[in-house]
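Examining the three-dimensional arrangement
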Amino acid sequence: MSDTTLSTPEGGAARPGSAGAETVITVSGVSKRYMVFERPEHRLWQGLWRGRRKFYRDFWALHELSFEVQRGETVGIIGHNGSGKSTLLQIICGTLSPTSGSVVVHGRVAALLELGSGFNPEFTGRENVYLNGTILGLSRHEIDERFERIAQFAEIGDFIDQPVKTYSSGMVVRLAFAVIAHVDADLLVIDEALAVGDALFTQKCLRFLRAFQERGTILFVSHDTGAVLNLCRRALWLSQGRLAQAGNAKDVVEAYMRANVEIAQRRAESSAASPPG
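Read on for a plain summary of the structure. (Residues numbered from 1 in each chain as written. Predicted model: local features only at pLDDT ≥ 70, side-chain atom pairs only at ≥ 80, totals over all residues. Heavy atoms only, no water.)

What follows deals with the overall build of the protein. Across its full length, the protein carries 8 helices and 10 strands. By the burial criterion, 47% of the 277 residues in the protein qualify as buried. Within the structure as shown, the protein displays about 14500 Å² of accessible surface, and the carbon and sulfur contribution to it stands at 51%. (Helix = DSSP H or I, 4+ residues; strand = E, 2+ residues; numbered from the N terminus. Buried < 20%, exposed > 50% of the residue type's maximum accessible area, 1.4 Å probe, protein only. Areas by Shrake-Rupley, 256 points an atom, 1.4 Å probe, with all protein chains shown as cover.)

See the structure below:
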């Protein structure tokens with residue numbers, strides 16, 4: 001993916017050149033709303049009534065997020081499940097559109113989002129390498145040149161010629177990471193992918209990421225705050241779709257952990273105060 005602009009009428013068009021040469025990602029006032037229907041037929045009724053009645057409730061996954069990521073930075077994104085991390089990454093990668101606000105991304109993006117996303121389970125690993133590589137902007141000749149290195153990095157042996165639907169979750173991650181590691185990306189976006197890999201492969205991926213830091217930019221989502229501190233100098237903490245804190249990774253992680261302790265204490269106190277039975 002080359003320079004990309006995502007915007008909505010509500011947020012206004014982004015200014016392609018305003019981010020500056022060293023800014024890789026500019027997120028400006030981004031919000032994302034989903035329509036939640038209580039019953040399946042309500043979705044049909046909503047279409048039939050053409051907006052004259054409302055059969056859904058609004059769920060705002062993101063609220064007015066704004067931040068920038070500079071070239072060469074590795075930025076961690078932390079937060080509880082449901083805080084909006086994956087939604088934000090999908091908007092940055094262009095697979096979702098914001099309800100309001102705008103996103104500008106400069107350079108080729110390689111993303112490892114949902115487990116197996118971009119893979120056809122009926123295709124073999126080899127076929128999926130060519131499919132994924134093409135999606136990420138490589139020509140067939142370029143994939144031919146890199147295929148052996150991709151296969152060696154993935155270390156799945158003869159399974160490279162078996163359908164992906166026969167793979168374990170760890171094997172899928174191995175192959176997916178091997179592909180994004182060989183596409184000459186400017187920006188890597190990684191969402192919890194390393195959590196399902198074995199320890200040796202996780203260490204291999206972390207070594208690659210440290211080497212990539214010398215030439216590229218990384219957005220790294222993880223519940224493993226140790227990995228965030230290990231890789232990232234800067235972090236964003238999302239809470240209920242809002243930016244709770246941004247800054248030095250150590251400061252943000254410590255604030256996040258304190259908040260988790262306070263939540264656990266309140267829950268324990270509430271349970272102790274509740275009558276038995």
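That was the structure; now back to the text.
On to the packing of aromatic side chains. Within this structure, the stated rule accounts for 12 aromatic pairs. With centroids separated by 6.3 Å and ring planes inclined at 85°, the aromatic side chains of F159 and Y167 adopt a geometry described as edge-to-face. An aromatic cluster of at least three residues, connected via ring pairs, comprises F153, F177, F201, F208 and F212. One residue, R53, lies across the ring of W49, its end atom 5.5 Å from the ring centre. A cation over a ring is seen here: K204 above F153, with NZ or CZ 4.6 Å from the ring centre. (Phe/Tyr/Trp six-rings, centres within 6.5 Å; stacked < 30°, edge-to-face > 60°. Lys NZ or Arg CZ within 6 Å of the ring centre and 35° of its normal.)

With that settled, consider the pattern of salt bridges. Taken as a whole, this structure holds 11 salt bridges when the rule is applied. Taking the shortest distance from any N to any O, the salt bridge between K54 and D58 comes out at 3.3 Å. On the basis of relative accessible area, D58 is assigned to the partly exposed category, the value being 30%. Between D161 and R126 there is a salt bridge, and its shortest N-O distance comes to 2.7 Å. Highlighted residues: D161 in the loop between helix 4 (140-154) and helix 5 (169-180) and R126 in helix 3 (residues 125-135), separated in sequence by 35 residues. A relative accessible area of 32% places R126 in the partly exposed class. (Salt bridge = Lys/Arg side-chain N within 4 Å of Asp/Glu carboxyl O.)

Right, let's talk about unusual backbone geometry for a bit. Non-glycine residue E155 carries a positive phi angle of around 55°. Structurally, E155 is set in the loop between helix 4 and helix 5. Residue classification places E155 among the partly exposed positions, given a relative accessible area of 49%. Phi at Q240 takes a positive value of approximately 50°, unusual for a residue other than glycine. Its location among the elements puts Q240 in the loop between strand 9 (234-239) and strand 10 (242-248).

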